[in-house]
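# Observations on chain architecture
Chain by chain, the residues run as shown.
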Amino acid sequence: MQDELNTDASPAETRTGKDTMPSLEETLKAAELQAAEHHDAWLRAKAETENMRRRAADDVDKARRFAVESFASELLAVKDSLEAALTAESPSVENMKDGVELTLKQLIAVFGKFNLHDIDPMGEKFDPHLHQAIQVVESEQPANTVVTVLQKGYRLHERTLRPALVMVAKGKD
């Protein structure tokens, strides 16, 4: 029986079984090719990441530099109005006053368009986030109440740009 088993497999068939397994050199060459492909893909991904980072930095820089562009262009109309008032031939006090009032309305409209609002806290409770107390004075009003506004403050959206300069009631002793 063993003779039958040995005679069934010819020497050529046994060699082809060994030929289906790749040699170490072929395996190494395939691994080197795959490593080169991965290295190339990594280099491309790294370059793309650097490009994206550079573009993002450029976008941030442009946004910072040109953030006030629309605000500035709206203010140009206000400047034009002021310059026109100065070039008037023989302005009367009444005409100048009317022109200043119209220009102030233009400026207030521009401020409103960009959420820049004034803080006029007369009679309100003192708030250190919105007001800066210059003096505390005797008053009939409750303590810590704004009794005089020396200079309006301004807020941009929810951020205080300039606190209002105020005088605050000391209150009754």
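Whatever comes next refers back to the structure up there.
My aim in this report is to walk through the structure given alongside it, one point at a time.

The rules behind the values
Residues numbered from 1 in each chain as written. Predicted model: local features only at pLDDT ≥ 70, side-chain atom pairs only at ≥ 80, totals over all residues. Heavy atoms only, no water. Salt bridge = Lys/Arg side-chain N within 4 Å of Asp/Glu carboxyl O. Helix = DSSP H or I, 4+ residues; strand = E, 2+ residues; numbered from the N terminus. Buried < 20%, exposed > 50% of the residue type's maximum accessible area, 1.4 Å probe, protein only. Phe/Tyr/Trp six-rings, centres within 6.5 Å; stacked < 30°, edge-to-face > 60°. Pairing = 2+ DSSP bridges. Axes fitted to C-alpha atoms, helices over the stretch in contact; angles between N-to-C directions.

As enumerated under the stated definition, the model contains 11 salt bridges in all. Between Glu138 and Lys170 there is a salt bridge, with its nearest N and O atoms 3.5 Å apart. Taken as a pair, Glu138 in the loop between β2 (131–137) and β3 (146–151) and Lys170 in the segment after β6 (164–169) lie far apart in primary sequence, 32 residues in all. Taking relative accessible area as the criterion, Glu138 reaches 55% and is therefore assigned exposed. Take Lys170: its relative accessible area is 45%, and that puts it in the partly exposed class. Here the salt bridges share partners, and the residues they tie into one network are Asp61, Arg64 and Arg65.

With that out of the way, let us pick up the packing of aromatic side chains. Summed over all chains, the structure comprises 3 aromatic pairs. A centroid spacing of 6.4 Å and a plane angle of 20 degrees characterise the contact between Phe71 and Phe111, whose relative ring orientation is stacked. Here Phe71 is found in helix α4 (residues 69–86), whereas its partner Phe111 is found in helix α5 (residues 93–113), with 40 residues between them in sequence. Owing to a relative accessible area of 22%, Phe71 belongs among the partly exposed residues under this scheme. Their ring planes at 85 degrees and their centres at 5.3 Å tell us that Phe71 and Phe114 sit as a pair that is edge-to-face.

The 3 strands lie next to each other as β2-β6-β3, forming an open sheet whose pairing is mixed. This sheet does not close on itself; its edge strands, each paired only once, are β2 and β3. Neighbour to neighbour, the strand axes of the sheet diverge by 30 degrees on average, direction disregarded. Here β3 runs beside β6; their pairing, made up of 4 bridges, is antiparallel. Counted as the bridge partner of Val149 is Val166 from β6.

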